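# Coordinate inspection notes
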Amino acid sequence: MKIKSKLILSFTLLVAIITGIGFLSIYSLNKVNLTSTVIATQIVPQLEGINKLNFEIARFRSHEFQHMVLTDPEAMDTLEGRMEELRVSIEAEFDKYLSYIDDERVVEASANWDLYYVEHKKIIEASR
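Structure report, in brief. All values derive from a computational prediction rather than experimental measurement. (Residues numbered from 1 in each chain as written. Predicted model: local features only at pLDDT ≥ 70, side-chain atom pairs only at ≥ 80, totals over all residues. Heavy atoms only, no water.)

## Quick notes on the packing of helix α1 (residues 3-69) against helix α2 (residues 73-100)
At a minimum axis separation of 10 Å, α1 and α2 run at an interaxial angle of 155°. Judged on the interaxial angle alone, α2 and α1 are roughly antiparallel. Between α1 and α2 the crossing geometry is left-handed. Looking at the contact of α1 with α2 residue by residue, the classes come out as twelve nonpolar, six polar and eight charged. (Axes fitted to C-alpha atoms, helices over the stretch in contact; angles between N-to-C directions. Helix = DSSP H or I, 4+ residues; strand = E, 2+ residues; numbered from the N terminus. Parallel < 35°, antiparallel > 145°, perpendicular 65-115°, else oblique. Left-handed = near helix turned anticlockwise from the far one by under 90°. Nonpolar A, V, L, I, M, F, W, Y, C, P; charged D, E, K, R; others polar.)

## Digging into a nonpolar patch on the surface
Side chains of I3, L7, F11, L14 and I18 sit close together on the surface and give an oily, nonpolar patch of about 530 Å² of accessible area. Relative to the helices and strands, I18 is located in helix α1. (Patch = residues over 30% accessible without salt bridge, like charges linked within 9 Å, V, L, I, M, F, W, Y side chains within 5 Å. Areas by Shrake-Rupley, 256 points an atom, 1.4 Å probe, with all protein chains shown as cover. Salt bridge = Lys/Arg side-chain N within 4 Å of Asp/Glu carboxyl O.)

## Things to note about the nonpolar core
Judged by nonpolar contacts, L53, F60, M83, L86, I90, F94, Y97, I101, V106, W113, Y117 and I124 together constitute the single largest core of twelve residues. Examining the composition of this core, we find that five residues originate from one element, α2, more than from any other. Look past the residues within four positions of I124 in its chain and what remains in contact with it is H67, E80 and M83. (Core = buried A, V, L, I, M, F, W, Y, C linked by side-chain atoms within 4.5 Å. Buried < 20%, exposed > 50% of the residue type's maximum accessible area, 1.4 Å probe, protein only. Contact = heavy atoms within 4.5 Å.)

## Some words on the environment of I57
When you line up the elements, I57 lands in helix α1. For I57, a relative accessible area of 22% corresponds to the partly exposed category. Sequence separation between I57 and T19 is 38 residues; the distance between their C-alpha atoms is 55 Å. In this structure I57 touches I90 and W113, once residues within four positions along its chain are discounted.

## Some points on the environment of L86
Relative to the assigned elements, L86 resides in helix α2. Using a relative accessible area of 5% as the deciding quantity, one classes L86 as buried. Taking the C-alpha atoms as reference points, L86 and R59, separated by 27 residues in sequence, lie 8.1 Å from one another. Setting aside anything within four residues of it in sequence, one finds L86 in contact with E56, R59, F60 and H63.

Pasting the structure below:
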């Protein structure tokens, strides 16, 4: 074999290998893109919603503790109004999740919230 044919063969082989690696990496990146799209469109919004729900429940409990400390009936009434707004918001979030997430943990959390709210009424009554 002459040097010319050896060079043509080696460069052709090199170009074929680089092209194959390019197609393989495009295929792999497409799989990564599909997975990250699922994460960005489904999982992250659910996590953000759960964090929002967790934050609102913590705020609700904070208002509840504040209510126990207060002695002014007017301030208690104001705080109860804020707690009622938070309760409506929390229940709306639970309803939103129950509409598109068919998960027994969400159903259980919603049921636990209902039980907690029954006890909350007793706590507010005792606080007054």
